[in-house]
Amino acid sequence: MRKNDQRRNTLLDAAIEVLAREGARGLTFRAVDAEAGTPTGTATNYFANRDDLLMQIADRVYQRWMPDEATWAAAEAGPRDTAKVTELMRETVGRVAGFRSGYLAMLELRLEATRRPALRVVLTGRVRADMDANVSYHLKRGLPGDANSVRLLILALNWLIVETLTLPELFAPEEVDELVVKAVERSLAVT
């Protein structure tokens, strides 16, 4: 397999777009090459098979979802209270939903994982690691709430993101913001 990380990321970004737009059935090496603007056959030099491509897509989406340095710095500033958690959740929802094709691709991967046990194992591990990292960050920073509060927020806000990306007329932006506020308030109140 080829080792050019920049080319691999270009192909993975193209695969994310294809997966989000066409679904798992439309995700072929030929479609990835066409989306990336690379010669036909290039993707086969970077991914052993379709399963390998699917598994690497998940890692690439999470890589692109990671906050930048300014976001990390803002997260560290200020008091550790409900308002800070609300600020963090607003930023997270905005950042994750802002990469629309990445989120839709992850939904497609989740569906595909119901039919592919190896992908399910990889995806479960990746999502579990992300959830554990979020819980750990929250608790180590002394933010209000416990581990279950964080898990409830993740679950509630993930579905809010699904609704805003798949049915964008369902909630106006101010309603989305209000739902984030209420999700934080109610998740933290149960501890």
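Look a little higher up for the structure.
Since we're looking at a predicted model, the values are computed, not measured.

**What about the packing of aromatic side chains?**
Ring pairs (aromatic) are described by centroid distance and by the angle formed between their planes.
Piece 1. With the rule as written, the count across this model stands at three aromatic pairs.
Piece 2. Taken together, a centroid distance of 5.8 Å and an interplanar angle of 50° make the contact between Trp65 and Tyr103 tilted. Note that Trp65 is positioned in helix α3 (residues 50–65) and Tyr103 in helix α6 (residues 100–113), a separation of 38 residues in sequence.
Piece 3. For Tyr103, a relative accessible area of 6% corresponds to the buried category.
Piece 4. One cation-aromatic arrangement involves Arg8 over Phe47; the distance from NZ or CZ to the ring centre is 5.4 Å.
Piece 5. Lying over the aromatic face of Tyr62, Arg126 brings its terminal NZ or CZ to 4.1 Å of the ring centre.

**Remarks on the layout of surface pockets**
Piece 1. Roughly 1000 Å³ of volume is contained in the largest pocket.
Piece 2. In terms of lining residues, the largest pocket is bounded by 36 residues, among which Thr92, Val96, Asp130, Asn134 and Ile154 are the most central.
Piece 3. For the lining of the largest pocket, the secondary structure elements donating two or more residues are α3, α4 (69–76), α5 (82–98), α6, α7 (117–140) and α8 (147–166).
Piece 4. For the lining of the largest pocket, the element with the most residues is α8, which contributes nine residues.

**Concerning the side chain of His138**
Piece 1. Within the fold, His138 resides in helix α7.
Piece 2. Apart from residues no more than four positions distant in its own chain, His138 is found in contact with Val85, Leu143, Pro144, Gly145 and Val150.

**Observations concerning α3**
Piece 1. Between its terminal C-alpha atoms α3 stretches 23 Å, which fits the 22 Å expected from 16 residues at 1.5 Å a residue.
Piece 2. Within the sequence span of α3, burial applies to Leu53, Leu54, Gln56, Ile57, Ala58, Arg60, Val61, Tyr62 and Trp65.
Piece 3. Buried residues belonging to α3 abut α1 (5–22), α2 (29–36), α5, α6 and α7.

**Looking at the nonpolar core**
Within soluble globular proteins, side chains that are nonpolar generally end up buried alongside one another.
Piece 1. Ranked by size, the top nonpolar core spans 50 residues in total, and within it Leu27, Ile57 and Leu109 carry the most contacts.
Piece 2. When contributions to this core are tallied by element, the ones reaching two or more residues are α1, α3, α5, α6, α7, α8 and α9 (173–189).
Piece 3. Top contributing element to this core by residue count: α1, with eight residues.
Piece 4. Once you skip the residues sitting within four places of it in the chain, Leu109 turns out to touch Leu19, Leu54, Ile57, Ala58, Leu119 and Leu123.

Definitions and cut-offs
Residues numbered from 1 in each chain as written. Predicted model: local features only at pLDDT ≥ 70, side-chain atom pairs only at ≥ 80, totals over all residues. Heavy atoms only, no water. Phe/Tyr/Trp six-rings, centres within 6.5 Å; stacked < 30°, edge-to-face > 60°. Helix = DSSP H or I, 4+ residues; strand = E, 2+ residues; numbered from the N terminus. Buried < 20%, exposed > 50% of the residue type's maximum accessible area, 1.4 Å probe, protein only. Lys NZ or Arg CZ within 6 Å of the ring centre and 35° of its normal. 1 Å grid on protein atoms, 1.4 Å probe; cavity = no way out; pocket = protein on both sides within 12 Å on 5 of 7 lines; lining within 4 Å. Points joined across faces, edges and corners; volume = space filled by probe spheres on them. Contact = heavy atoms within 4.5 Å. Expected span 1.5 Å × (residues − 1). Core = buried A, V, L, I, M, F, W, Y, C linked by side-chain atoms within 4.5 Å.

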